[in-house]
Amino acid sequence: DAGVTQSPTHLIKTRGQQVTLRCSPKSGHDTVSWYQQALGQGPQFIFQYYEEEERQRGNFPDRFSGHQFPNYSSELNVNALLLGDSALYLCASSVTRVFDEKLFFGSGTQLSVL
Amino acid sequence: AQSVAQPEDQVNVAEGNPLTVKCTYSVSGNPYLFWYVQYPNRGLQFLLKYITGDNLVKGSYGFEAEFNKSQTSFHLKKPSALVSDSALYFCAVRDGRGRYSTLTFGKGTMLLVSP
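Treat the numbers as computed from the prediction; the structure is a model and nothing was measured.

Calculation rules
Residues numbered from 1 in each chain as written. Chains lettered and ligands numbered in written order. Predicted model: local features only at pLDDT ≥ 70, side-chain atom pairs only at ≥ 80, totals over all residues. Heavy atoms only, no water. Pairing = 2+ DSSP bridges. Helix = DSSP H or I, 4+ residues; strand = E, 2+ residues; numbered from the N terminus. Axes fitted to C-alpha atoms, helices over the stretch in contact; angles between N-to-C directions. Contact = heavy atoms within 4.5 Å. Salt bridge = Lys/Arg side-chain N within 4 Å of Asp/Glu carboxyl O. Polar contact = N/O pair within 3.5 Å; in protein donor to acceptor, adjacent residues only side chain to side chain. Phe/Tyr/Trp six-rings, centres within 6.5 Å; stacked < 30°, edge-to-face > 60°. Buried < 20%, exposed > 50% of the residue type's maximum accessible area, 1.4 Å probe, protein only. Lys NZ or Arg CZ within 6 Å of the ring centre and 35° of its normal. Disulfide = S-S within 2.5 Å.

(A) Expanded view of the sheet that holds strand β3 (residues 19-24) of chain A. Residues and elements named next belong to chain A. Reading across from one edge, β1-β3-β8-β7 is the order of the four strands in this open sheet, with antiparallel pairing throughout. Sheet topology places β1 (5-7) and β7 (64-68) at the edges, where each strand pairs with a single neighbour. In this sheet, adjacent strand axes meet at a mean angle of 20° when their direction is disregarded. Judged from the three bridges that link them, β1 and β3 form a sheet pairing that is antiparallel. Bridge pairing in β3 places Gln 6 opposite Cys 23.

Written as structure tokens, this is what we have:
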């Protein structure tokens, strides 16, 4: 049983560019959450998707957008990249009807903005 | 908003000694608390959770955590540390209500276990 998979593992972009990160949740999971982990910091919640709709959003500008597909996979898009967007982006999946927040995390995408 | 604080950036312990990684919380209502561990170049892995019930929670890899309501703490403990326990540890709290709640994480504590 594959866990949460993310692609790509590493990415280098320049300021002003746009980037798309991808996530496939663990089998049987229907909810995907995205987190940003800056160097030396804990993960910061970006947004959460369930039934193809954004259900919760953290304190991130609308340059950050996402999408969930019918197969529960998800994309995170970031427009007009800034140097400060350099971070590890983590995808986590869960089963929404189970209220225990045992999130399963992927290994992340390391984004470097030059 | 719910929050957790991890007062130590790093904890050093010798192999075989007991370890404690500290976490305090600030919540309205009953806290749902979690510990996750992150190994290099890996995502976070769930260790244990406190929802209700016994104040001592047992989790994966021999870890346990003690919930203390009067001190608003949820410290992670292990009786005998292993070198392989060296990793980054995060305390987290459930934020929000209902099915769309999320986790708010602390900044993390690096645990270094020396041989």
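(B) Representation of the interface of chain A and chain B. On the side of chain B, 22 residues touch chain A, which itself brings 22 residues to the contact. At the junction of chain A with chain B, the criterion picks out zero salt bridges. Applying the counting rule to chain A against chain B returns three residue pairs in polar contact (both at pLDDT 80 or more). Sorting the residues of the side of chain A that touches chain B by element identifies β4 (31-37), β5 (44-50), β6 (53-57) and β9 (87-94) of chain A as the ones contributing at least two each. Among the elements that line the side of chain A that touches chain B, the one with the most residues is β5 of chain A, at three residues.

(C) Quick look at the packing of aromatic side chains. Scanning the entire structure with this criterion turns up 14 aromatic pairs over all chains. Pairing Tyr 35 of chain A with Phe 105 of chain B gives two aromatic rings, centres 5.6 Å apart and planes at 85°, and the pair type is edge-to-face. Remark: Phe 105 of chain B occurs in strand β11 (residues 102-105) and Tyr 35 of chain A occurs in strand β4; the pair is interchain, linking two chains. Of the two residues, Tyr 35 of chain A and Phe 105 of chain B, neither departs from the other in class, the shared state being buried. Note on Tyr 36 of chain B and Phe 46 of chain B: the rings are 5.8 Å apart at their centroids and 75° apart in plane angle, and the pair reads as edge-to-face. Taken as a pair, Tyr 36 of chain B in strand β5 (residues 33-38) and Phe 46 of chain B in strand β6 (residues 44-50) lie far apart in primary sequence, ten residues in all. For Phe 46 of chain B, a relative accessible area of 17% puts it in the buried group. Taken together, the ring pairs in this structure connect Tyr 35, Phe 45 and Phe 105 of chain A together with Tyr 36, Phe 46, Phe 90 and Phe 105 of chain B into an aromatic cluster. It is Lys 78 of chain B that lies over the ring of Phe 63 of chain B; its NZ or CZ is 5.0 Å from the centre.

(D) Main features of the state of the cysteines. Counted by the stated rule, this structure contains two disulfides over all chains. There is a disulfide in this structure between Cys 23 of chain A and Cys 91 of chain A, and the S-S distance comes to 1.8 Å. Taking the sign of the S-S torsion, -60° for the link of Cys 23 of chain A and Cys 91 of chain A, the bridge is left-handed. Linking Cys 23 of chain A in strand β3 with Cys 91 of chain A in strand β9, this pair joins segments that are 68 residues apart in sequence. Overall, Cys 23 of chain A belongs to the buried group, its relative accessible area being 2%. The disulfide that involves Cys 23 of chain B links it to Cys 91 of chain B, with 2.0 Å between the sulfurs. Residues Cys 23 of chain B and Cys 91 of chain B are joined by a disulfide whose S-S torsion is about -60°; by sign, that bridge is left-handed. Taken together, the residues span a long stretch of sequence, with Cys 23 of chain B in the loop between β3 (19-21) and β4 (24-26) and Cys 91 of chain B in strand β10 (residues 87-95) at a distance of 68 residues. What makes Cys 91 of chain B buried here is its relative accessible area of 0%.

Just distances and angles here, no functional claims.
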